[in-house]
Amino acid sequence: MPTLSEAASKELLGGFGVPFPPEHVVASADEAVGAAEALGYPVVVKLGGDTIAHKTERGLVRLGLGSADQVRDAAGSLLAAATPQDGDVHLLVAPMVRASRELIAGLHHDPQFGMTVMLGVGGILAEAVADVSFRLVPIAPVDAEDMIDDLALQALLGEFRGEPAVERVAVADVLLGLSRVAVERDDIASADVNPLLIVDGRPLAVDALVELR
Amino acid sequence: MAGAARSVPGTERFRALFEPRGILVAGASTHPGKFGFVGLHNILACGYAGKVFATNRDGAEVLGVQSVAEVDELPDGEIDLVFVCTPASANPDLLRACAKKGITAAFIASGGYGEAGPEGRKAEAELVALADELGILLAGPNGQGVVSPPAQLCAQIVAPFPPRGHIGIASQSGNFVSSFGNYAQLTGVGVSRAVSAGNAAAVTIPDYLDYYADDPETHVALTYVENVGDGRAFVDRLRPVAARLPIVLVKGGASAGGQRAAASHTGALASDDRVFDGACRQAGISRAETIEQAYEVAATFATQPLPRGNRVVVVSTAGGWGVVTADALARTGGSPRGLELIELPADLRAAIDGELPPRWSGNNPIDMAGGETRDTVPKVLELAASHPDVDAVIFLGMGIQANEARLMREGPFWPGHGLERIVAYHERQDARFAEAAAAVSDATGKPIFSATELAVTSPDNAAPAGVRATGRLCYPSANRAVTALEHLWRRSRWLQRRHLP
């Protein structure tokens, strides 16, 4: 199934209230440096494109770049890593966001129940931990709140390692936004908002992938 | 399950199924091993008060009922329900003849339909279309029967005939109708209606539950499902039902559909069971993990008021019961979604100080430490349940004295040495505690759960027998009481958060 590029996925979901950090889509290493200067260091640079779905597995994500030289080197090697099958590619420059808590949210079309929205505990162990909650689209605000209550790892949502408690209403808004986009765009097959970081108690999505039917 | 386009049967036709004025057993048999014999036997043996008719190929007399060979020979307008044990090939003509006699509901026990390959599926579809055309409500096929204690009706090919109560059962497995009925017999918390949906070719599980929501005899629905077909349609049908009636659901095969290979992370996390669980929670359906839990939760909905909050007090006559109950409460996850063992309010503690010697626990769980006198237990239950900061009470440790009384009664010294008097006192006291728990619950509108293993180890003990006499469930353990209370609290919270009555 076709996918939207990360940039296009973010633009679509961002329009429904999923919060993303400001980022720049550029074509060259020089432009990447300009974008990094505008955002402030450190930054993340990724290679993007409509057919590029799993960047981490292909080594197309460079984290924590702290200077113009590092950005220029990374951008150059990412562009060089593009293959003909990738088609048109671009560079995504975003501020480096650090967080100790990760959630995952998304949309999934179930063969029996149709479109569903999910919230889970994220991170590299997400599938092993499998602390997740599903609801059928569309959801009401009370359903979104219930999904947060469903998670077993409630301790993760309270005050944590000197960080404030998670603003549940803001997490609920992400879920409601996903539900709305699924209602309005019936060509969506799935969506991953992963990770959905918790920064100062608020959700901030730093990657997204929308799959179309 | 049936296609989406079929119309929902009206209340009148369900009344023909559950409150028929007369019944015809089609295919009655003289052989006691055949469905056509057992079905007729159970209808007659359980005291159905309406007229009972039978057809039999040879017009034989069966169990004192003079059967006829043809439906045409039966009177007009006296029969509402036909219980069908004839072979599938005979059933279309049978239904046509029944319709002419004014019959509006059919329970098809016969097999050879959707469960029997492509030919059977075709026959099933044709039977459904014919029933629709004739205006007959079609239950089954391939089901074990229908039970309706308010009508003294036991039209099924299995035991038991459960006592009358307020649990409405609809099951995709006839054997679980039987299992639930057995629990009803054991506990005394009875059944309003029960139906084995069989292949559910025409009337589906949601159809039955929708009717139960309108049925004054039914206060809670209990359902077993394996295959929900179009899951979205299933939940969409049940959502408005669950807003009106508690639905306790247990699903077989929940683990069968595992996680799928999926391109997305969300898809990889979306097992059938997780999606089904979320759909149930969203719709306000109380999903139970096991058959026994499903029955106990349904019995609780049928016999206890909903708690308005999650603040629990545990009252125990002695020992470790309170401690393990506190553990079970902690495992529910605490506020707001779980239950909470509250700190005793100072005024409640002071009031209990006035009733018990100083060695009582002084906190929650309220461990009376054997310090109770004749009226202490009812008094402490009343103090706890009537306090505005308390939403529910779990009462433990009943039946100990009556258990000792039994040992005395069965021992070699009975009835001398003053045994007769003390045994009578103990048994009276335990019965009284059970009555007090129910009376205080009624007076305060708050749930009070009585739990003791004597409910299963010694059901005739005065304590569990006393609880049964009040119409409530005596929980076989505090853990099971906590699980049932957790289900009630979840539903109460679900309703409150959606501003539903």
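Details of the structure are given in the entry above.
Below is a summary of the structure that appears in this document. (Residues numbered from 1 in each chain as written. Chains lettered and ligands numbered in written order. Predicted model: local features only at pLDDT ≥ 70, side-chain atom pairs only at ≥ 80, totals over all residues.)

1. Re the overall build of chain A
Along chain A, the regular secondary structure elements total seven helices and ten strands. In terms of C-alpha radius of gyration, chain A reaches 17 Å, essentially the compact-globule figure of 17 Å for 213 residues. Expressed as lengths along the three principal axes of its C-alpha atoms, the size of chain A is roughly 50 × 45 × 30 Å. Residues counted as buried form 44% of the 213 residues belonging to chain A. Long-range pairs, those at least 24 residues apart, make up 66% of the contacts in chain A between residues at least 6 apart in sequence. (Helix = DSSP H or I, 4+ residues; strand = E, 2+ residues; numbered from the N terminus. Rg over C-alpha atoms; globule rule 2.2 N^0.38 Å. Buried ≥ 20, exposed ≤ 12 C-beta atoms within 10 Å, placed from the backbone. Contact = placed C-beta atoms within 7 Å.)

2. What to know about the interface of chain B and chain A
Of the residues lining the interface, 21 residues belong to chain B; the matching set on chain A comes to 27 residues. Put simply, the parts of the chain that give the side of chain B that touches chain A at least two residues each are helix 7 (231-244), helix 8 (265-269) and helix 9 (272-283) of chain B. Top element by residues in the side of chain B that touches chain A is helix 9 of chain B. It accounts for six residues. Here the residues of the side of chain B that touches chain A are counted per class, giving seven nonpolar, seven polar and seven charged. (Nonpolar A, V, L, I, M, F, W, Y, C, P; charged D, E, K, R; others polar.)

3. What to know about the sheet that holds strand 2 (residues 51-55) of chain B
Residues and elements named next belong to chain B. Across the sheet, five strands lie side by side as 2-1-5-6-7; this open sheet has parallel pairing. Since the sheet does not close on itself, it has two edges, and those belong to strand 2 and strand 7 (137-139), each with one partner. Going from strand to strand, the sheet's axes swing by 20 degrees on average, the running direction of each strand aside. In this structure, strand 6 (residues 105-108) lies alongside strand 7, joined through three bridges in parallel fashion. Across the sheet, residue Ala-105 finds its bridge partner in strand 7, namely Leu-137. (Pairing = 2+ DSSP bridges. Axes fitted to C-alpha atoms, helices over the stretch in contact; angles between N-to-C directions.)

4. Digging into the pairing of strand 7 (residues 132-136) of chain A
Residues and elements named next belong to chain A. The buried fraction of strand 7 amounts to five of the five residues, a majority that puts the element mostly inside the structure. In strand 7, alternate side chains face the same way, and those of Val-132, Phe-134 and Leu-136 on one face and Ser-133 and Arg-135 on the other are all buried. Pairing of strand 6 (residues 114-121) with strand 7 involves five bridges; the strand directions are antiparallel. Bridge pairing links Gly-120 to Val-132 in strand 7.

5. Overview of the sheet that holds strand 3 (residues 61-65) of chain A
All names here are of chain A. Read from one edge of the open sheet, four strands run 1-4-2-3, paired in antiparallel fashion. Here the strands that pair on one side only, and so sit at the sheet edges, are strand 1 (24-26) and strand 3. Strand-to-strand, the axes of this sheet are offset by a mean angle of 20 degrees, without reference to chain direction. Inspection of the sheet shows strand 2 (residues 43-48) paired to strand 4 (residues 90-95) by six bridges, in the antiparallel sense. When the bridges of strand 4 are listed, Val-43 appears paired with Pro-95. Each of strand 1, strand 2 and strand 4 is contacted by helix 1 (residues 6-14), which is oriented at about 110 degrees to strand 2, the strand it contacts most. Set on the sheet, helix 4 (residues 68-81) makes contact with strand 2, strand 3 and strand 4; between it and strand 2 the angle comes to about 15 degrees.

6. Section: unusual backbone geometry
In this chain, A:Tyr41 is followed by A:Pro42 through a cis amide linkage whose omega measures -5 degrees. Considering the arrangement of structural elements, one finds A:Pro42 in the loop between helix 2 (29-39) and strand 2. With an omega of 0 degrees, the peptide bond running from B:Gly140 to B:Pro141 counts as cis. Its location among the elements puts B:Pro141 in the loop between strand 7 and strand 8 (145-148). Non-glycine residue A:Ala130 carries a positive phi angle of around 50 degrees. A:Ala130 gets classed as partly exposed once you count the C-beta atoms within 10 Å, which come to 15.

7. So, helix 18 (residues 478-497) of chain B
Over its 20 residues, helix 18 of chain B runs 28 Å from end to end, which matches the ideal 28 Å to within 8%, given 1.5 Å per residue. Burial runs high along helix 18 of chain B: 14 of the 20 residues are buried. (Expected span 1.5 Å × (residues − 1).)

8. Here we look at the environment of A:Gln112
Relative to the helices and strands, A:Gln112 is located in the loop between strand 5 (101-110) and strand 6. Each C-alpha atom, one on A:Gln112 and one on A:Glu102, is 29 Å from the other, the two residues being ten residues apart in sequence. Once residues lying within four places of it in the same chain are set aside, the contact partners of A:Gln112 are B:Asp230 and B:Gly231.

9. Focus: the packing of helix 5 (residues 174-187) of chain B against helix 10 (residues 291-303) of chain B
Residues and elements named next belong to chain B. Packing of helix 5 against helix 10 leaves a shortest axis separation of 10 Å and a crossing angle of 55 degrees. Considering the angle they form, helix 5 stands oblique to helix 10. Crossing of helix 5 over helix 10 shows right-handed handedness. Residues Phe-176, Ser-179, Phe-180, Tyr-183 and Thr-187 of helix 5 touch helix 10, and the partners they reach there are Ile-291, Tyr-295 and Ala-299. Of the residues assigned to the contact of helix 5 with helix 10, the class counts are six nonpolar, two polar and no charged. (Parallel < 35°, antiparallel > 145°, perpendicular 65-115°, else oblique. Left-handed = near helix turned anticlockwise from the far one by under 90°.)

10. As for the nonpolar core
Ranked by internal contacts, the top residues of the largest apolar core, which has 206 residues, are A:Leu175, B:Ala106, B:Leu138 and B:Leu381. Per-element tally for this core: the top contributor is helix 7 (residues 168-184) of chain A, with eight residues. Those residues in contact with B:Leu381 that lie beyond four places of it in its chain are B:Val315, B:Val393, B:Phe395, B:Ala436, B:Ala437, B:Val440 and B:Ile448. Membership of the second largest hydrophobic core comes to 20 residues, among which are A:Ala32, A:Ala35, A:Leu60 and A:Ala94. (Core = buried A, V, L, I, M, F, W, Y, C linked by C-beta atoms within 7 Å.)

11. Here we look at helix 4 of chain A
Residues and elements named next belong to chain A. Relative to the 20 Å expected for 14 residues at 1.5 Å per residue, helix 4 spans 20 Å between its end C-alpha atoms, a close match to the ideal helical length. Regarding helix 4, the residues found buried are Val-71, Ala-74, Ala-75 and Leu-78. One side of helix 4 holds all its buried residues, which, seen down the axis, span an arc of 100 degrees. The exposed set on the far side of helix 4, more than 90 degrees from its buried face, consists of Asp-69 and Ala-80. (Arc of directions from axis to C-beta.)

12. Comments concerning the pairing of strand 2 of chain B
All names here are of chain B. Counting buried residues along strand 2, four of its five residues qualify, which places the element largely inside the surrounding structure. Relative to strand 2, strand 1 (residues 22-26) runs parallel, the two being bridged by five bridges. Note on strand 2: the bridge partner recorded for Val-25 is Ala-54. Read from strand 1 through helix 2 (residues 35-45) to strand 2, the crossover connection turns out right-handed. (Right-handed = clockwise from strand over helix to strand, strands pointing away.)

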